[in-house]
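Structural overview for review
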Amino acid sequence: MVDSGYGVGVIMVMGAVTLALRALPFLAAQWLHKHPAVQALGRFLPLAIMTLLLVNAAVGAAKSHTGGPWPEWLAVALVVGLQWFGKHALVSILVGTGAYVLMRNAGALPI
Amino acid sequence: MSQDPPSSATPAASRLSVLALTAPVAMGYIPLGTVFGFLFVQAGAAWWLAILASVVVFAGAAQYMMIPMITAGLSLGSIALATLIVNLRHVFYGLSLLNKLPSGRWQRAYLVFGLTDETYSVLTTLPAGTPQRQMVLVALLNQGWWVLGTAVGAVIGAQAQVTLVGLDFALIALFAVLAVEQWRGRQTGAPLWVALAAYGVALAVAPQHALMLAIVFSIAAGIFWQARAPELRRG
């Protein structure tokens, strides 16, 4: 069993560290506003970070099983294609996730 | 409130679009939250601790990382350091939102607290002039989905049987959808190519810290890029 007092302590510490990281740019806002490089970064970073989160999550998923990263490649390509042409986020996510679950569980299905 | 840009959206329309914006997040957060709550309780913690973690910490990757650490009984200092490393990327999220967040004290504070990967990506997708209340609602709903999923997973506990693997792909699909939308609205494609190249190198050099290294490299490249493209500096 995990001691609840210890658990609360861990949660408070993790919460404080996370909040401090998220608040740091806003606390330093006055300084950051003087630097045009920071403003330009705000336009450059979102696409870069979203790409990184996508690739990092897909790589993490691919490492969680044996047999190569094919389900991840195929499912991500499917989602990207659906979203690019269809523009329905929910449909893209549902179909992509459905296809991924099928591929990952194909061996276990009683066919 | 005097800084509020004029908004043409009717309340009903904006409520609809808030739901549409957070629906994909819900698709990722509810199953992922459920898995977190389930695993956390399985690891031997009380159900209410799982919910408390999702209310107070509200950071997916860090919370997943928390499960083996709390089972091993690591010191608070080690856990703080690990959280710092895993969540360091959040420092850079605020940079691109400095002028977008509400001016109201509590609304601003809550949005800063709730700046997860997904909330960040939805907020950066919102058009300029989005009402403050709508931004806060997006963040609140997103945390609501996460806490709801956690509660379901924690309460089901040992009774649940996870037979399908890969349901958490919903979160990867969400990142893919948001990357496509960022790409559609791009000024330049450079951030994507820089990110891919940086991640490739980082993965080869230090797989454990690939995300963090690639983010740092992307920031450096972003500074270099804006110095080379002065016409993009202002409007």
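Thresholds, definitions, all that
- Residues numbered from 1 in each chain as written.
- Chains lettered and ligands numbered in written order.
- Predicted model: local features only at pLDDT ≥ 70, side-chain atom pairs only at ≥ 80, totals over all residues.
- Helix = DSSP H or I, 4+ residues; strand = E, 2+ residues; numbered from the N terminus.
- Buried ≥ 20, exposed ≤ 12 C-beta atoms within 10 Å, placed from the backbone.
- Contact = placed C-beta atoms within 7 Å.
- Axes fitted to C-alpha atoms, helices over the stretch in contact; angles between N-to-C directions.
- Parallel < 35°, antiparallel > 145°, perpendicular 65-115°, else oblique.
- Left-handed = near helix turned anticlockwise from the far one by under 90°.
- Nonpolar A, V, L, I, M, F, W, Y, C, P; charged D, E, K, R; others polar.
- Core = buried A, V, L, I, M, F, W, Y, C linked by C-beta atoms within 7 Å.
- Expected span 1.5 Å × (residues − 1).
- Arc of directions from axis to C-beta.
- pLDDT = per-residue confidence, 0-100.

A short note on the overall build of chain A
When you go through chain A residue by residue, the secondary structure sums to 5 helices and 0 strands. Ordered by position in the sequence, the α and β elements of chain A form the string α-α-α-α-α. Out of the 111 residues belonging to chain A, those deemed buried represent 41%.

Digging into the overall build of chain B
Assigned secondary structure in chain B consists of 11 helices and 0 strands. When the helices and strands of chain B are listed from N to C terminus, the series reads α-α-α-α-α-α-α-α-α-α-α. For chain B, the residues scored as buried account for 46% of the 235 residues in total. Taking contacts inside chain B between residues at least 6 apart in sequence as the whole, the part at least 24 apart equals 76%.

Points about the packing of helix H2 (residues 47-56) of chain B against helix H8 (residues 132-156) of chain B
For any two helices packed against each other, one specifies the crossing angle of their axes together with the interaxial distance. Residue and element names in this part refer to chain B. For the pair H2 and H8, the least separation of the axes is 9 Å and the interaxial angle reads 165 degrees. The orientation of H2 with respect to H8, classified from their angle, is roughly antiparallel. For the pair H2 and H8, the sense of crossing is right-handed. Touching Trp47, Ala50, Ile51, Ser54 and Val55 of H2 are Trp146, Val147, Thr150, Ala151, Ala154 and Val155, all from H8. Taken together, the residues that form the contact of H2 with H8 break down as 9 nonpolar, 2 polar and no charged.

Section: the interface of chain A and chain B
Facing the 63 residues of chain A at the interface are 75 residues of chain B. For the side of chain A that touches chain B, the secondary structure elements donating two or more residues are helix H1 (4-27), helix H2 (29-33), helix H3 (36-63), helix H4 (70-86) and helix H5 (89-105) of chain A. The leading source of residues in the side of chain A that touches chain B is H3 of chain A, at 24 residues. Looking at side-chain class alone, the side of chain A that touches chain B contains 47 nonpolar, 13 polar and 3 charged residues.

A look at the nonpolar core
In terms of nonpolar packing, the biggest core is built from 96 residues, with Leu52 and Leu54 of chain A together with Ile172, Phe175 and Ala176 of chain B touching the most fellow members. The element that contributes the greatest number of residues to this core is H3 of chain A, accounting for 15 residues.

A short note on unusual backbone geometry
Residues and elements named next belong to chain B. Of note, the phi angle at phenylalanine 58 is positive, near 45 degrees, even though the residue is not glycine. Its place among the elements puts phenylalanine 58 in the loop between H2 and helix H3 (60-72). Phenylalanine 58 gets classed as buried once you count the C-beta atoms within 10 Å, which come to 25.

Observations regarding H5 of chain A
All names here are of chain A. When the terminal C-alpha atoms of H5 are compared, their 24 Å separation across 17 residues agrees well with the 24 Å that a helix rising 1.5 Å per residue should span. Listing the buried residues of H5 in full gives Ala89, Ser92, Ile93, Gly96, Thr97, Tyr100 and Arg104. For H5, the angular spread of buried residues about the axis comes to 115 degrees, placing them on one side.

Here's the deal with the packing of helix H7 (residues 117-125) of chain B against H8 of chain B
Residue and element names in this part refer to chain B. Packing of H7 against H8 brings their axes to within 10 Å, and their N-to-C directions diverge by 155 degrees. When the interaxial angle is binned, H7 and H8 end up roughly antiparallel. In this structure, H7 crosses over H8, and the sense of that crossing is right-handed. Contacts between H7 and H8 pair Glu118, Thr119, Val122 and Leu123 from the former with Met135, Val138, Ala139 and Asn142 from the latter. When its residues are assigned to classes, the contact of H7 with H8 shows 5 nonpolar, 2 polar and 1 charged.

Quick look at the confidence of the model for chain B
In this model, chain B carries an average pLDDT of 81, and 86% of its residues clear a pLDDT of 70 or more. Per the prediction output, this complex has pTM 0.64; the corresponding ipTM is 0.79.

Re H8 of chain B
Residues spaced three or four apart along an α-helix face the same direction, because each turn holds 3.6 residues. Helix length check: H8 of chain B, at 25 residues, gives a terminal C-alpha distance of 36 Å against a target of 36 Å (1.5 Å per residue), a fit within 8%. Residue glycine 157 of chain B follows H8 of chain B closely and has a positive phi angle near 50 degrees.

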